[in-house]
Amino acid sequence: MQPGRQTRRWRWIVGILLVFSVVVAVGVRLVMARAQPILRARVIETLAARFKSRVELGQLHVWVADGVHVEGNGLRIYGLTDPNAWEPGVQPLLAVGEFRFQTALRSLFREPMHVDVIYLDGLVVNIPPTKDRQEMKDLRQRGRKMKMSIVVDRFVCTRTKLIINTVRASKPPLEFDISDLRMTDIGPGQPLRFDANLTNPKPQGAIHSTGQFGPLDEKTPRDTAVMGDYSFTNANLATLSGIAGILSSTGTYGGTLGRIEVQGQTDTPDFQITVSGHRVPLHTEFHAMVDGTDGDTYLDPVKARVLHSSFTARGKIVRIKSPPGHDIELDVVLGNARIEDLLKLGVKTDPPIMTGTVAMRTRLSLPAGSEDVSNRLELEGNFHIPAAHFTNEKVQDKIDSLSVLSRGAHRAARGEADPTVTSDLQGRFTLRQGVMTFSYLHFLIPGTHADVTGQYSLDGNTFDFHGLLRLDAKLSQMTTGWKSILLKPVDPFFQKHGAGTEFPFKISGTREAPRFGLDFHRKDEHPKEDHLTEGHGPAPGTR
């Protein structure tokens, strides 16, 4: 064959191949363009038949370029009932904002079809209330009857929301917002392994957790196994009204969805109750039981340390409907604490008004709400400070002088004053709306004891105490010379209830300017003798 004729033949062959390729490409595009609406309808029909539920699909795009590419949005699968009555309209059980994946062309002809990774954005899973959770089981059971199956190695999800609904009207749905979720080992009867990043709204901070979940127990979801570990970093406590500081926490968890056991610790080097304005280091170690189906948490115990003081708390944190938030109820015991640490934590005055060890038991209540924590915090309990020393020199000087006089002026004349007089304080108190109220306050120093009632504001601006002061010495014994002789006839009027002298007194003013004085016009309102002499039980922390 001549070379020129052979060259023309090859040109014809190449030309025909090029034309064929163009025709095939155009044909594929035309087929894909015409097939997409048909494929979309088939997907909806297949899913509806698969789950026997209403299915919606916004858009579906399929194209061939280095494999098969699929993109879509607006996928919603509904149940027989509305799983979330808190949201308007009927909510789907499953919703996907956008999805995409690609696979090799040959995978279309395999059974099952294999997909390396599916990307989901805006995934919402609405777990129905307990009475309707059979629907989730039915979806899975009906799905297993279909011949077509797809094996997926990984799901990568962004902006995921898990909503666990309950039948109790007082409980809003428990919502988990997950910014980044990666799931592997996905298959029937297998636990789901996950790696998740969450943004916690209050206190605002980043949570990273890895672990495994399942396999899901459809009959009793509360019995589904869960385990993993977490880290909570850069949590800004200022997003909660009334407190501030940056918290970090690490821990592990395990158990079942209805009873998740959590062990962890927190560190807040700059914790602050804003009403006090003082920043103090706060460290806690805790053991808790969490109900993952409704978010209620039971603390048993929490061991905390503030400055040089430690305390233990037990109680619960319960989600409520109105106002939306959490009610906190704790029983707190302080057995090794310093009163100055507690005052620095919660009271604005600096330095704290007194120092000394303190034992205390209190019931702490923090109702849900948007008000400042100091206005919502409620305390009710009792305390004992066996050796308090007042930091205000004027107050301490008056106490020192009172101790000397109450034992007789002749002691002062001989220079027998104690070098340091400490005060024994114990009482019962309540805290509401930032005001500490003492229904009973017993004050004891050498030669003097007093029973007092009154109020003290946490900002230090208000003192209002009234009580009876009882001294060992008689009035005539608290002075010398002719004054002592003149006061002897008056002694019987103040000598009551076994005391050398008894009279009503008051303390008012502020921490910077306290005012002490007699309070005869309130005499009839003070406790009677039986109150002054009855036992008040053991001091807290000594039982």
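These figures come from a predicted structure and were not determined experimentally.

Q: Would you mind going over the side chain of Ser423 with me for this structure?
A: Among the secondary structure elements, Ser423 is positioned in strand β21 (residues 423-432). With a relative accessible area of 0%, Ser423 lands in the buried category. Setting aside anything within four residues of it in sequence, one finds Ser423 in contact with Ile385, Pro386, Ala387, Ala388, Phe390, Ile399, Phe443, Leu444 and Ile445.

Q: How should the pairing of strand β4 (residues 94-103) be read in this particular structure?
A: Of the strand pairs in this sheet, strand β3 (residues 68-77) and β4 are connected by nine bridges, and their pairing is antiparallel. Note that in β4 the partner of His69 across the bridge is Gln102. Two strands pair when backbone bridges link them, and β4 and strand β5 (residues 113-127) are joined in this way by six bridges, in the antiparallel orientation. Across the sheet, residue Leu94 finds its bridge partner in β5, namely Val125.

Q: Honestly, the nonpolar core in this entry has me stumped. Any pointers?
A: Looking at soluble globular proteins, one finds that nonpolar side chains tend to be buried together. One finds Met354, Phe383 and Leu425 to be the most contacted residues of the largest nonpolar core, which totals 96 residues. Looking at which element gives the most residues to this core, the answer is β5, with six residues.

Q: Would you mind showing me how to read the confidence of the model for the chain here?
A: Mean pLDDT for the chain: 79, with 78% of residues reaching 70 or above. For residues 142-148, every residue scores under 50 in pLDDT, and the model assigns this stretch ten contacts once sequence neighbours within four places are set aside. Below pLDDT 50 for its whole length, residues 524-543 participates in 29 contacts with residues either more than four positions away or in separate chains.

Q: Where do I start with the side chain of Ser309 in this structure?
A: Structurally, Ser309 can be placed in strand β16 (residues 309-320). Side-chain polar atoms of Ser309 contact the backbone nitrogen of Arg338, separated by 2.7 Å. In terms of polar contacts, Ser309 uses its side chain to reach the side chain of Asp341, at 2.7 Å.

Q: Just checking my understanding: could you explain the pattern of salt bridges for this structure?
A: Oppositely charged side chains can form a pair if their charged atoms are brought close together. With the rule as written, the count across this model stands at eleven salt bridges. With a shortest N-O distance of 2.9 Å, Arg363 and Asp331 are connected by a salt bridge. One end of the pair, Arg363, is in strand β19 (residues 357-366); the other, Asp331, is in strand β17 (residues 325-338), and 32 residues separate them in sequence. On the basis of relative accessible area, Arg363 is assigned to the partly exposed category, the value being 38%. A relative accessible area of 39% places Asp331 in the partly exposed class. Overlapping salt bridges bring together Glu329, Asp331 and Arg363 as one network.

Q: Would you take a moment to explain the environment of Ile164 for this structure?
A: Looking at where Ile164 falls in the secondary structure, it is placed in strand β6 (residues 150-164). Separated by twelve residues in sequence, Ile164 and Phe176 place their C-alpha atoms 8.6 Å apart.

Q: Can you help me understand the packing of aromatic side chains in this one?
A: Between two aromatic rings, the relevant description is the distance of the centres plus the angle of the planes. Enumeration over the complete set of coordinates arrives at five aromatic pairs. Site record: aromatic cluster; members linked through ring pairs are Phe383, Phe429, Phe438, Tyr456, Phe463 and Phe465. For the cation-ring pair, Arg54 lies above Tyr78, with the distance from its terminal atom to the ring centre recorded as 3.8 Å.

Q: Can you help me understand helix α5 (residues 393-406) in this one?
A: Each α-helix winds once per 3.6 residues, and so residues spaced three or four apart point in a common direction. End to end, α5 covers 20 Å across 14 residues, agreeing with the expected 20 Å (1.5 Å per residue, within 8%). Here α5 starts with a cap whose side-chain oxygen sits 2.9 Å from the backbone nitrogen of Lys394, and that cap is Asn392. Directly after α5, the chain includes Gly408, whose backbone phi takes a positive value near 115°.

Q: Any chance you could explain the environment of Phe503 here in plain terms?
A: With respect to the helices, strands and loops of the structure, Phe503 is situated in strand β25 (residues 501-509). Residue classification places Phe503 among the buried residues on the basis of a relative accessible area of 15%. Distance in space between the C-alpha atoms of Phe503 and Arg470 is 6.9 Å, their sequence separation being 33 residues. Sequence-distant contacts of Phe503, that is, excluding residues within four places in its chain, are made with Gly467, Leu468, Leu469, Leu471, Phe494, Leu518 and Phe520.

Q: Help me understand the environment of Gly434, please; the structure alone is not making it clear to me.
A: Mapping Gly434 onto the fold places it in the loop between β21 and β22 (435-445). Look at Gly434 and you get buried, because its relative accessible area is 14%. Sequence separation between Gly434 and Glu378 is 56 residues, and the spatial gap between their C-alpha atoms is 8.5 Å. Setting aside residues up to four positions removed in sequence, Gly434 forms contacts with Ser374, Ser457 and Leu458.

Q: What am I meant to see in unusual backbone geometry here?
A: Most peptide bonds are trans, and most residues other than glycine sit at a negative phi. Pro301 follows Asp300 through a cis peptide bond whose omega is -5°. Tracing the backbone shows Pro301 in strand β15 (residues 297-306). You will see that Arg159, though not glycine, has its phi angle at about 55°, which is positive. In this fold, Arg159 is placed in strand β6. The phi dihedral of Asn234 falls on the positive side, at around 55°, and the residue is not glycine. Secondary-structure assignment places Asn234 in strand β10 (residues 225-236). Classification of Asn234 as exposed rests on a relative accessible area of 59%.

Analysis parameters
- Residues numbered from 1 in each chain as written.
- Predicted model: local features only at pLDDT ≥ 70, side-chain atom pairs only at ≥ 80, totals over all residues.
- Heavy atoms only, no water.
- Helix = DSSP H or I, 4+ residues; strand = E, 2+ residues; numbered from the N terminus.
- Buried < 20%, exposed > 50% of the residue type's maximum accessible area, 1.4 Å probe, protein only.
- Contact = heavy atoms within 4.5 Å.
- Pairing = 2+ DSSP bridges.
- Core = buried A, V, L, I, M, F, W, Y, C linked by side-chain atoms within 4.5 Å.
- pLDDT = per-residue confidence, 0-100.
- Polar contact = N/O pair within 3.5 Å; in protein donor to acceptor, adjacent residues only side chain to side chain.
- Salt bridge = Lys/Arg side-chain N within 4 Å of Asp/Glu carboxyl O.
- Phe/Tyr/Trp six-rings, centres within 6.5 Å; stacked < 30°, edge-to-face > 60°.
- Lys NZ or Arg CZ within 6 Å of the ring centre and 35° of its normal.
- Expected span 1.5 Å × (residues − 1).

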